[in-house]
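# Remarks on the overall topology
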Amino acid sequence: MQAQSGWTREAKGLYVQASVMNFSSNDYYTTEGRLADQGSDFNTSGLLIYGEYGVTDRLTAVLDLPLVRLNSFSTTETVGGVGNIQLGAKYKLLKSFPLSFQVALDIPTNDGTNFAQSKEPNAFGEFDVINLPVSDGEFNVWTTLAASHSFGDGKTYASAFSSLNFRTEGFSNQLQAGVEAGHLFFDKLYLIGKLKIQERLSSENNVQSGSFLFGEGTTFTSFGFTSMYKLSDHFNLVAQYSDYAGFLVDRKNVYDGGTFSLGLAFEL
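### Points about the environment of G152
Summarising the element assignment, G152 is placed in the loop between strand 9 (140-151) and strand 10 (156-167). In this structure G152 comes out as exposed when scored by relative accessible area, which is 85%. Along the sequence, G152 and E169 sit 17 residues apart, while their C-alpha atoms lie 48 Å from each other.

So, in structure tokens, the structure goes:
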């Protein structure tokens, strides 16, 4: 749940965040929205790098890199790799108001195959395999319009955004929209709340859906909380929690559970 805001970085301004994340759940919502206990836990963890650089006062380059992604079920071995790399550019549309438009290319790092072997043999004495890809194997193009506003003395802010994800290889396009609000306490601690929905922009069933990790037909409402503590003039400690909810948009083709992450951010 990276921030989507109308602000851009100042020229030569830099923000880099490295974080580790973890998710585990056995509550799977099917493509019809039915809750099904799969019997074994799905686990994913990773090392994530996120960065922004101000090319000019109105143009910011964005990098979102899952440097290490590890996937497994409690009944399988763990497989890993580099997740999709997202490269984007955000442009501030108005000089007097923080309204931005961002285009980001989501680049696959493999063909969407990464097979994990079961820990125990089946009834026939053979080891089963399941595809647990860390990349969906197809190019995406994200376009995002975001607006932000600060209040009072500038310690409180709110943002809203809407995004379209144009997918290739026959996958359905997606719509995301969300809001967030934050407040700075004691000039050191930012507390931020976020809410986001994702909808599918097609009514057709995709035979390529395969693993839920491809995201085909995945819809949800998610909420999250972020705390950012100022350690020094340039370093911040960042802790995040996000989860899914059953209102606004139904959970479909997704494992339901909380994601925890902890990171260190550098800002210049």
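### Re the nonpolar core
Formed by F23, Y28, F42, F73, V79, A116, L132, F212 and Y255, the largest nonpolar core amounts to 9 residues. Residues within four places of F23 in sequence aside, it is in contact with F42, N43, T44, Y255, D256, G257, G258 and T259. Within the second largest apolar cluster, 6 residues are counted, among which are Y15, Y50, M228 and V238.

### Observations regarding the side chain of S25
Turning to its location among the elements, S25 is positioned in strand 1 (residues 14-29). Within polar-contact distance, the side chain of S25 engages the backbone nitrogen of D27 at 3.0 Å. Within polar-contact distance, the side chain of S25 engages the backbone oxygen of D256 at 2.5 Å. If we ignore the near neighbours within four places in the chain, the residues touching S25 are S40, D41, F42, Y255, D256 and G257.

### Points about the pairing of strand 9
Where a strand is regular, its side chains alternate between the two sheet faces. Where strand 6 (residues 99-107) lies against strand 9, 8 bridges are found, and the strand directions are antiparallel. From the neighbouring strand, L105 faces strand 9, where its bridge partner is V141. When strand 9 meets strand 10, the two strands line up antiparallel, connected through 12 bridges. What sits directly across from H149, in strand 10, is A158. The antiparallel hairpin formed by strand 9 and strand 10 contains 4 residues in its connecting segment, where G152 sits at a positive phi of about 55°.

### Thoughts on the layout of surface pockets
Approximately 970 Å³ is the volume attributed to the largest pocket. Every residue lining the largest pocket is counted, 32 residues in all, and those nearest its centre are R9, Y15, Y190, M228 and E267. Broken down by secondary-structure element, the contributors of at least two residues to the lining of the largest pocket are strand 1, strand 2 (35-54), strand 10, strand 11 (174-185), strand 12 (189-200), strand 13 (220-230) and strand 14 (235-245). At 4 residues, the largest contribution of residues to the lining of the largest pocket is made by strand 12. Grouping the constituent residues of the lining of the largest pocket by class yields 13 nonpolar, 10 polar and 9 charged.

### Details of the packing of aromatic side chains
Taken as a whole and judged by the stated rule, the model has 16 aromatic pairs. Taking 6.1 Å as the distance between ring centres and 70° as the angle between the ring planes, the aromatic pair formed by F223 and F225 counts as edge-to-face. Among the residues examined, F223 registers a relative accessible area of 25% and is labelled partly exposed. Through pairs of rings, three or more aromatic residues link up here, namely F23, Y28, F42, F73, F212 and Y255.

### Examining the side chain of R167
Within the element layout of this structure, R167 appears in strand 10. Classification of R167 by relative accessible area gives buried; the value is 10%. Looking at R167, its side chain comes within polar contact range of the side chain of E138, at 3.0 Å. A distance of 2.6 Å separates the side chain of R167 from the backbone oxygen of F214, its partner in a polar contact. Non-local contacts of R167, meaning those with residues more than four positions away in its chain, are made with D136, E138, F139, N140, S172, N173, Q174, F214, G215 and E216.

### What to know about the pattern of salt bridges
Here the idea is simple: oppositely charged side chains can pair when their charged atoms come close. Under the criterion given, the structure shown has 8 salt bridges. Across the pair E216 and R200 runs a salt bridge, and its minimum N-O distance is 3.1 Å. Residue E216 is found in the loop between strand 12 and strand 13, and its partner R200 is found in strand 12; the two are separated by 16 residues along the sequence. Classification of R200 by relative accessible area gives partly exposed; the value is 22%.

### Considerations on unusual backbone geometry
A positive phi is found at K12, a non-glycine position, where the angle reads about 70°. Within the secondary structure, K12 sits in the segment before strand 1. With a phi angle near 60°, D187 is a residue other than glycine that sits in the positive phi range. Structurally, the position occupied by D187 is in the loop between strand 11 and strand 12. According to the relative accessible area criterion, D187 is partly exposed, its value standing at 47%.

### Observations concerning the pairing of strand 6
Of the two faces of strand 6, the one holding S100, Q102, A104 and D106 is buried and the one holding L99, F101, V103, L105 and I107 is not buried anywhere. If you look at the hairpin formed by strand 5 (residues 85-92) and strand 6, you'll find 6 residues sitting between the two strands.

Conventions used here
Each chain carries its own residue numbering, running from 1 in the direction its sequence is written. Only residues with pLDDT of at least 70 are given local features in this predicted model, and only at 80 or more are side-chain atom pairs given and counted; all residues enter the totals for whole chains, interfaces and linings. Excluding hydrogens and water, the side-chain figures rest on all heavy atoms present in the structure. We count a stretch as a helix when DSSP gives it H or I for four or more residues in a row; a strand needs E for two or more, and each element gets its number in order from the N terminus. Remark: exposure states derive from per-residue accessible area (1.4 Å probe, protein chains only) relative to the maximum for the residue type, with buried under 20%, exposed over 50%, and partly exposed in between. Among buried residues, the Ala, Val, Leu, Ile, Met, Phe, Trp, Tyr and Cys ones that are joined through side-chain atoms within 4.5 Å form a nonpolar core. By definition, residues are in contact when any of their heavy atoms lie within 4.5 Å. The term polar contact refers here to a pair of N or O atoms within 3.5 Å; inside protein, the definition further demands a hydrogen-donor-capable atom paired with an acceptor-capable atom, and it admits residues adjacent in sequence only when both atoms are side-chain atoms. The criterion for strand pairing is that DSSP finds at least two bridges linking the strands in question. The method works on a 1 Å grid over the protein atoms by themselves. A cavity is a set of points holding a 1.4 Å probe that cannot get out, a pocket is an open set with protein on both sides within 12 Å along at least five of seven lines, and residues with an atom within 4 Å of a point line them. Grid points are joined across faces, edges and corners, and a volume is the space filled by probe spheres set on the points. Note that Gly is not counted as nonpolar here; it falls among the polar residues with everything else outside the nonpolar set of Ala, Val, Leu, Ile, Met, Phe, Trp, Tyr, Cys and Pro and the charged set of Asp, Glu, Lys and Arg. Two rings from Phe, Tyr or Trp (for Trp, the six-membered ring) form a pair when their centres sit within 6.5 Å of each other. Planes less than 30 degrees apart are called stacked, planes more than 60 degrees apart edge-to-face, and all others tilted. Any carboxyl oxygen of Asp or Glu that lies within 4 Å of a side-chain nitrogen of Lys or Arg is treated as forming a salt bridge with it.

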